[in-house]
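Chain residues, written in single-letter form:
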Amino acid sequence: MTDFDVALKDSQDRLKEDLSHYRNVMYFLGANVPIETLCLPKTIESILIDDGCLRVYDLINRDFSKIKGLGRKRLALLTSRLDEFLSISL
């Protein structure tokens, strides 16, 4: 392998890393909206706000089972609204 080939491979790897980072940043920027955007019932919104979730990006990669007050039905509604939001907006 020549020096040019090594430099090209390094450049391609760095470009892939940069694009991955860019996608991740854009993903979170797209979710930088209030949780009210999800049109959840006020009880679920209150539970989330009390737990410190003010923006949609606060919900990403969060373990909802550790949030007190979210039963199976509320959890199902929350995850479906979050999935819908993320599939449409991002």
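In this report, the structure presented in the accompanying data block is examined. (Residues numbered from 1 in each chain as written. Predicted model: local features only at pLDDT ≥ 70, side-chain atom pairs only at ≥ 80, totals over all residues. Heavy atoms only, no water.)

**So, the side chain of E45**
Reasoning step 1: Along the chain, the position of E45 falls in helix α2 (residues 42–50).
Reasoning step 2: What makes E45 buried here is its relative accessible area of 6%.
Reasoning step 3: Among all residues touching E45, those that are not within four sequence positions of it are I35, E36 and L40. (Helix = DSSP H or I, 4+ residues; strand = E, 2+ residues; numbered from the N terminus. Buried < 20%, exposed > 50% of the residue type's maximum accessible area, 1.4 Å probe, protein only. Contact = heavy atoms within 4.5 Å.)

**Remarks on the nonpolar core**
Reasoning step 1: L38, L48, L59, F64, L70, L78 and L82 are the most contacted members of the largest nonpolar core, which has 18 residues in total.
Reasoning step 2: Residue assignment for this core shows that the elements contributing at least two residues are α2 and α3 (72–89).
Reasoning step 3: Top contributing element to this core by residue count: α3, with four residues. (Core = buried A, V, L, I, M, F, W, Y, C linked by side-chain atoms within 4.5 Å.)

**With respect to the pattern of salt bridges**
Pairing between side chains becomes possible if they bear opposite charge and their charged atoms approach one another.
Reasoning step 1: This structure, assessed with the given rule, holds three salt bridges.
Reasoning step 2: The residue E45 makes a salt bridge to K42 at a minimum N-O spacing of 3.5 Å. On the criterion of helical spacing, the pair formed by E45 and K42 is a turn pair, its members being three residues apart in helix α2.
Reasoning step 3: D51 serves as the salt-bridge partner of R62, at 2.8 Å between the closest nitrogen and oxygen. With R62 in the loop between α2 and α3 and D51 in the loop between α2 and α3, this pair connects stretches of sequence that are eleven residues apart. (Salt bridge = Lys/Arg side-chain N within 4 Å of Asp/Glu carboxyl O.)

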